[in-house]
Amino acid sequence: MLEVRGRSGDKVTLVVRTPSGEQNIDGSDILVAVGRVPNTAGIGLPEAGVELDSRGYIAVNGRLETSAPDVWALGECAGSPQFTHISEDDFRIVRDNLAAGNRSTRDRLVPYCMFTDPPLARVGLSEGEAERQGVIARVARLPMDSVLGAQATDQRQGFMKALVGENDDRILGFTMIGATAGEVMAAVQTAMIAGLPYSRLANAALAHPTMAEGLSMLFSNAPPRSVQQIAPERAA
């Protein structure tokens, strides 16, 4: 962002630099989100033997145990993703571990939802995260205007995007901007938890006309594997 003009609540213009040059974005309000810090200082945690990490969050392991015996932490103070549904899952993990279970936060699928208009939902890897982690993935895309449910309700804004494994059929991530994005994302998350290959959704007979019906079209757009698996030759 290069410049802000106007007054929030009335009329504002943002001047931004893009690959195609400077552009103006007009709006009525500006929301500044500067983040949050944990409220863990001055409450006696060091005296109780509870260690904090470099950002001030309570240090926990995958079971949500702290450095102090028989002391657990969950939710935002423990550095978990700042969502109500994750705090609830943290509670279930602590509850079950207190009852001699062995649950962990490791490899947990964390769904994200922003209830904007249209809403945004995501689960698993994004393209940027896959690139930073060195994960090679195939990308399938579908504009919401191609989804029959979106056409029927005239809610055509947005898109669906999915990442699948380069040399296997695992679903690695899903992103959607569009009406009922959170509900559609939950269907993909369920498939990921079950370990279903993307082809099961591509070939599914999903109800018509719904937004989730677009998943069949989306995953049908997944590019083929760049390297075909070749069966090993049998010994002569």
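Predicted model, so just to flag it, every value in this text is computed and none were measured.

Caption draft 1: Structural context of helix 1 (residues 84–98). Taking 1.5 Å as the rise per residue, helix 1 with 15 residues should run 21 Å; its terminal C-alpha atoms sit 21 Å apart, in good agreement. When we look at burial in helix 1, the residues that qualify are Ile86, Asp89, Asp90, Ile93, Val94 and Asn97. Viewed along the axis of helix 1, the buried residues span an arc of 140°, placing them on a single side of the element. Facing away from the buried surface of helix 1 by more than 90 degrees, the exposed residues are Thr84 and Leu98.

Caption draft 2: Spotlight on the layout of surface pockets. In this structure, the largest pocket encloses a volume near 170 Å³. In terms of lining residues, the largest pocket is bounded by Pro81, Arg108, Leu109, Val110, Tyr112, Arg122, Gly124, Leu125, Glu129 and Leu172.

Caption draft 3: Structural view of the pairing of strand 2 (residues 11–18). Note that strand 1 (residues 3–7) and strand 2 share 5 bridges and pair antiparallel. Note on strand 2: the bridge partner recorded for Gly6 is Val12. Taking the residues between adjacent antiparallel strands as the criterion, strand 1 and strand 2 are bridged by 3 residues, where Gly9 takes a positive phi near 95°. Between the antiparallel neighbours strand 2 and strand 3 (residues 21–27) lie 2 residues.

About the cut-offs
Numbers given to residues run from 1 along each chain, matching the order in which its sequence is written. Note on the predicted model: pLDDT of at least 70 is required for a residue's local features to be given, and 80 or more for side-chain atom pairs to be given and counted; whole-chain, interface and lining totals, by contrast, use all residues. As a convention, hydrogens and water are excluded, and side-chain values are obtained from all of the structure's heavy atoms. A run of H or I in DSSP becomes a helix once it reaches four residues, and a run of E becomes a strand once it reaches two; helices and strands are each numbered from the N terminus. To estimate the expected span of a helix, subtract one from its residue number and multiply by 1.5 Å. Only protein chains enter the accessibility calculation, which uses a 1.4 Å probe; a residue is then buried when its area is under 20% of its type maximum, exposed when over 50%, and partly exposed in between. Arc, as used here, means the arc of the directions from the helix axis to the C-beta atoms. We place a 1 Å grid over just the protein atoms. Points where a 1.4 Å probe fits but has no way out form a cavity, open points with protein on both sides within 12 Å along at least 5 of 7 lines form a pocket, and any residue with an atom within 4 Å of a point lines it. Grid points are joined across faces, edges and corners, and a volume is the space filled by probe spheres set on the points. Any two strands with at least two DSSP-identified bridges between them are counted as paired.

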